[in-house]
Amino acid sequence: MSDEKPAREPIQEDARIDALEARLKAAREREEQRNRPKVQGVDANYSSGNRALASLLGGIIGGLVIGFAVDALFDIAPWGLLAGLFLGTASAFRSIILSATTRPADPDQGSDSEV
């Protein structure tokens, strides 16, 4: 529209701003590297805990269901349920104890190693 030059020249970027942006970018990368989780995948302890929880819940619920079925079949109201609960809990604890006393596989050796 007009051929006149503006009263002010546009401000040139300062080299200090570029250096500051580069330092901020490097600091962000270092922070991301430092906060990145070190363990990739599922931890063996996490899997072991989930296995123990599943065994405990499965034993108790399975015992309750079987005990309730025995109560319904033989009409011995609380005794089948209580026996099923007791046997299910005992089975679950046995399974947890057995899994806790077995040695984990050595990650350095292959799965087809001989014992």
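Calculation criteria
Residues numbered from 1 in each chain as written. Predicted model: local features only at pLDDT ≥ 70, side-chain atom pairs only at ≥ 80, totals over all residues. Heavy atoms only, no water. Helix = DSSP H or I, 4+ residues; strand = E, 2+ residues; numbered from the N terminus. Buried < 20%, exposed > 50% of the residue type's maximum accessible area, 1.4 Å probe, protein only. Contact = heavy atoms within 4.5 Å. Axes fitted to C-alpha atoms, helices over the stretch in contact; angles between N-to-C directions. Parallel < 35°, antiparallel > 145°, perpendicular 65-115°, else oblique. Left-handed = near helix turned anticlockwise from the far one by under 90°. Nonpolar A, V, L, I, M, F, W, Y, C, P; charged D, E, K, R; others polar. Salt bridge = Lys/Arg side-chain N within 4 Å of Asp/Glu carboxyl O. pLDDT = per-residue confidence, 0-100. Lys, Arg positive; Asp, Glu negative; His and termini not counted.

1. Overview of the overall build of the protein
Thought 1: Helix and strand content of the protein: 3 helices and 0 strands.
Thought 2: Start at the N end of the protein and walk to the C end: the helices and strands fall as α-α-α.
Thought 3: Of all 115 residues assigned to the protein, the portion counted as buried reaches 8%.
Thought 4: Put simply, of all contacts in the protein between residues at least 6 apart along the chain, 47% involve residues at least 24 apart.

2. Quick look at the environment of Leu 56
Thought 1: With respect to the element layout, Leu 56 can be found in helix 2 (residues 44-74).
Thought 2: Its relative accessible area of 26% is what places Leu 56 among the partly exposed residues.
Thought 3: As a C-alpha pair, Leu 56 and Ser 91 span 35 residues in sequence and 8.5 Å in three-dimensional space.
Thought 4: Leaving out residues up to four positions away in the same chain, Leu 56 has contacts with Ala 92, Phe 93 and Ile 96.

3. Some thoughts on the packing of helix 2 against helix 3 (residues 77-101)
Thought 1: Taken N-terminus to C-terminus, the directions of helix 2 and helix 3 make an angle of 160°; their axes are 7 Å apart at the nearest point. By the angle between their axes, helix 2 is roughly antiparallel relative to helix 3. Seen along the crossing, helix 2 lies across helix 3 with a hand that is right-handed.
Thought 2: Class assignment for the residues of the contact of helix 2 with helix 3 results in 14 nonpolar, 9 polar and 1 charged.

4. Some details on unusual backbone geometry
Thought 1: A positive phi angle, close to 55°, is found at Asp 75, a residue other than glycine.
Thought 2: Of note, Asp 75 is situated in the loop between helix 2 and helix 3.
Thought 3: Relative accessible area serves as the criterion here: at 66%, Asp 75 is assigned to the exposed category.

5. Structural notes on the pattern of salt bridges
Thought 1: Applying the stated criterion across every chain yields a total of 1 salt bridge.
Thought 2: Notably, a salt bridge pairs Arg 34 with Glu 31, separated by 2.7 Å at the nearest N-O pair. Within this pair, Arg 34 and its partner Glu 31 are both found in helix 1 (residues 15-35), separated by 3 residues, close to a single helical turn.
Thought 3: Its relative accessible area of 57% is what places Arg 34 among the exposed residues.

6. As for the confidence of the model for the protein
Parts of the model with low pLDDT should not have their predicted coordinates read in detail.
Thought 1: With 77% of its residues at a pLDDT of 70 or more, the protein shows a mean pLDDT of 83.
Thought 2: Ranking the elements of the protein by mean pLDDT puts helix 1 last, at 90, and helix 3 first, at 93.

7. Side note on the side chain of Asp 71
Thought 1: With respect to the element layout, Asp 71 can be found in helix 2.
Thought 2: Buried charge Asp 71 goes without a salt bridge, the closest partner of opposite sign being Arg 94 at 24 Å.
Thought 3: Asp 71 has contacts with Ile 76, Ala 77, Pro 78, Trp 79, Gly 80 and Leu 81, leaving out every residue within four places of it along the chain.

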